[in-house]
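# Chain and residue survey
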Amino acid sequence: MSAIEWTDETWNPVVGCTPVSPGCLNCYAATMAGTRLVKRPEYVGLTVRKGGAKGQRGRGTKGRMVFNGTVRMLEERLTEPFRWKKPRLVFVNSMSDLFHEDVPFEFIDRVFAVMALTPRHTYQVLTKRPERMAEYLDASRSESMRPGRVLRHAYTMVKDLPGSRIAAEYAKLHVAYHADYARSRFWPLPNVWLGTSVEDQARADERIPHLLKCPAAVRFLSVEPLIGAVDLSAFMGGAYVGLPGDVVHPSYNFGIGWVIVGGESGANARPCDVGWIESIVEQCRDARVPVFVKQLGRRVFMGVDDWYAFTNGDTTGTGRFVLIEGDDRGHWYPDSRKGGDPSEWPQHLRVRQWPAGYAALTS
């Protein structure tokens, strides 16, 4: 099971990545791949260290682990979800990006085939490359008839398993795909949520329009690590009207259906202003979009008055607050490792809501 608060399981048929934006600076996946997992053959050679510096008395800092651009597709991991009998939320590629430029669409077809054949699970596909995800899902491209290609890959996976549960699921897919009245039940896959990561306003403006071109049961945002104020109001609650030439898919929901938000964790965490998180929560409430506050981060920036409001005046056992010299603001370092303990937060930030698709999974 996963330690990530908004999922149950991680599935990594692809490992390795390439940094693409400021949110990648302290990538937890690169850190894991280059330290805890580095002795596993599939993770060897995926990372390099950067940013080390010589310290006091000749001692140096090791610097950050960074993905070096090597990407590996792991065939043996494709069938893992078949073995999970209990329905669960599955985060796809926590150690990579399914839509990395070096992952062929043919391999992505096979990932989608597995998701189609295991409807008991709900899959959360999160990318920093939504423009490639939109290209993959663009039905207007004659060479990119994804539903048919996915169906053929599903057949390849089950053709040697007559009478199995997987074969039965394929039979249902085949009927749904070829019957006009049921085609919409097959595509977009009803158990697949598609999301993109945004860490600041520039990335929100750049990536969200691409996400909104993608047909999905749920479109979601991971606003993490939050390193600047972000206004999402143009993209939520059906307000988005698109840019010239954009086609927002008419099926399922318009706009964004779920938002995850959190500050950065880890030893090198950049400060997250608590006001940025409060703003995201308020925007979601106003747009009636479910929001999940994952964590406040390892280093929370706030004013002294906010600090006392957080602690109700009792500053014992609530972490460490460091006032910035000459300022009335400072950094709070919470007791919990990544600011992920809601009991340390004020009540109005203890919000962990789920999109409508989650109810079907838990019912």
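Here the structure is shown first, and the text comes after it.
What comes next is a walk through the structure. Everything numeric in this text was worked out from a predicted model, so none of it was measured.

The rules behind the values
Residues numbered from 1 in each chain as written. Predicted model: local features only at pLDDT ≥ 70, side-chain atom pairs only at ≥ 80, totals over all residues. Heavy atoms only, no water. Pairing = 2+ DSSP bridges. Helix = DSSP H or I, 4+ residues; strand = E, 2+ residues; numbered from the N terminus. Contact = heavy atoms within 4.5 Å. Axes fitted to C-alpha atoms, helices over the stretch in contact; angles between N-to-C directions. Core = buried A, V, L, I, M, F, W, Y, C linked by side-chain atoms within 4.5 Å. Buried < 20%, exposed > 50% of the residue type's maximum accessible area, 1.4 Å probe, protein only. Expected span 1.5 Å × (residues − 1). Salt bridge = Lys/Arg side-chain N within 4 Å of Asp/Glu carboxyl O. Phe/Tyr/Trp six-rings, centres within 6.5 Å; stacked < 30°, edge-to-face > 60°.

Attention now moves to the sheet that holds strand 14 (residues 320–323). Sheet architecture is open: four strands sit in the order 11-13-15-14, paired in mixed fashion. Each having just a single partner strand, strand 11 (272–273) and strand 14 make up the two edges of the open sheet. Pairing of strand 14 with strand 15 (residues 329–333) involves four bridges; the strand directions are antiparallel. Residue pairing in the sheet places Phe 321 in a bridge with Trp 332 of strand 15. Lying over the sheet, helix 9 (residues 304–311) contacts strand 13 (300–303), strand 14 and strand 15, oriented at roughly 105° with respect to strand 13.

Taken together, the seven strands give an open sheet; going across it, the order is 1-6-7-8-9-10-12, and neighbouring strands pair in parallel fashion. Both outer strands of the open sheet, strand 1 (9–11) and strand 12 (291–295), are each paired with one neighbouring strand and no more. Neighbour-to-neighbour, the strand axes of this sheet turn through a mean angle of 25°, independent of strand direction. Relative to strand 8 (residues 192–197), strand 7 (residues 122–127) runs parallel, the two sharing five bridges. Counterpart to Tyr 123 in the pairing with strand 8 is Val 192.

The next subject is the nonpolar core. Trp 11, Phe 112, Met 115, Leu 232 and Val 259 are the most contacted members of the largest nonpolar core, which has 79 residues in total. Residues contacting Phe 112, with those up to four places away along its chain left out, are Leu 98, Phe 99, Tyr 136, Val 150, Trp 187, Leu 189 and Val 192. Grouped together as the second largest cluster of nonpolar side chains are 12 residues, Ile 4, Trp 6, Trp 193 and Val 218 included.

Our next topic: helix 2 (residues 105–117). For helix 2, built from 13 residues, the straight-helix expectation of 18 Å at 1.5 Å per residue is met to within 8% by its first-to-last C-alpha distance of 18 Å. With 11 of its 13 residues buried, helix 2 lies for the most part within the structure. Residues of helix 2 that are buried include every one of Phe 105, Phe 107, Ile 108, Asp 109, Val 111, Phe 112, Ala 113, Val 114, Met 115, Ala 116 and Leu 117, and no others.

Our next topic: the side chain of Thr 118. The topology assignment puts Thr 118 in the loop between helix 2 and strand 7. On the basis of relative accessible area, Thr 118 is assigned to the buried category, the value being 0%.

This paragraph deals with the pattern of salt bridges. Throughout the structure, instances matching the rule amount to 16 salt bridges. With a closest N to O distance of 2.8 Å, Arg 110 and Glu 75 form a salt bridge. Here Arg 110, found in helix 2, pairs with Glu 75, found in the loop between strand 5 (72–73) and strand 6 (89–92); they are 35 residues apart in sequence, far enough to count as distant. The partly exposed category is assigned to Glu 75, whose relative accessible area is 42%. The partner of Asp 180 in a salt bridge is Arg 183, with the nearest N and O atoms 3.7 Å apart. With a relative accessible area of 35%, Arg 183 lands in the partly exposed category. Each of Asp 97, Glu 101 and Arg 129 takes part in salt bridges that share partners, so that together they form one network.

In this section: the packing of aromatic side chains. A full pass over the atoms with the stated rule returns 16 aromatic pairs. With centroids separated by 5.4 Å and ring planes inclined at 25°, the aromatic side chains of Trp 258 and Trp 354 adopt a geometry described as stacked. In this pair, Trp 258 is assigned in strand 10 (residues 258–262) and Trp 354 in the loop between strand 15 and helix 10 (356–362), connecting sequence segments 96 residues apart. The exposure class of Trp 354 is partly exposed, given its relative accessible area of 25%. Relative to Trp 332, the ring of Trp 307 lies with its centre 6.2 Å away and its plane at 45°, an arrangement referred to as tilted. Taken as a pair, Trp 307 in helix 9 and Trp 332 in strand 15 lie far apart in primary sequence, 25 residues in all.

With that settled, the discussion passes to the pairing of strand 13. Side chains Val 300 and Met 302 project from strand 13 onto one buried face, and the interleaved Phe 301 and Gly 303 project onto a second face that is buried too. Here strand 11 pairs with strand 13 via two bridges, running parallel. Considered in strand 13, the bridge of Cys 272 is made with Val 300.

Okay, unusual backbone geometry next. Omega for the peptide link from Trp 187 to Pro 188 comes to 0°, which places this bond in the cis form. Each neighbour pair has its own omega, and for Glu 224 with Pro 225 the value is -5°, a cis peptide bond. Position of Pro 225 among the secondary structure elements: in the loop between strand 9 (218–223) and strand 10. One non-glycine residue, Asn 93, adopts positive backbone phi at about 65°. Within the fold, Asn 93 resides in the loop between strand 6 and helix 2. Positioned with a positive phi, Arg 288 is a non-glycine residue whose angle comes to about 60°. With respect to the element layout, Arg 288 can be found in the loop between helix 8 (274–287) and strand 12.

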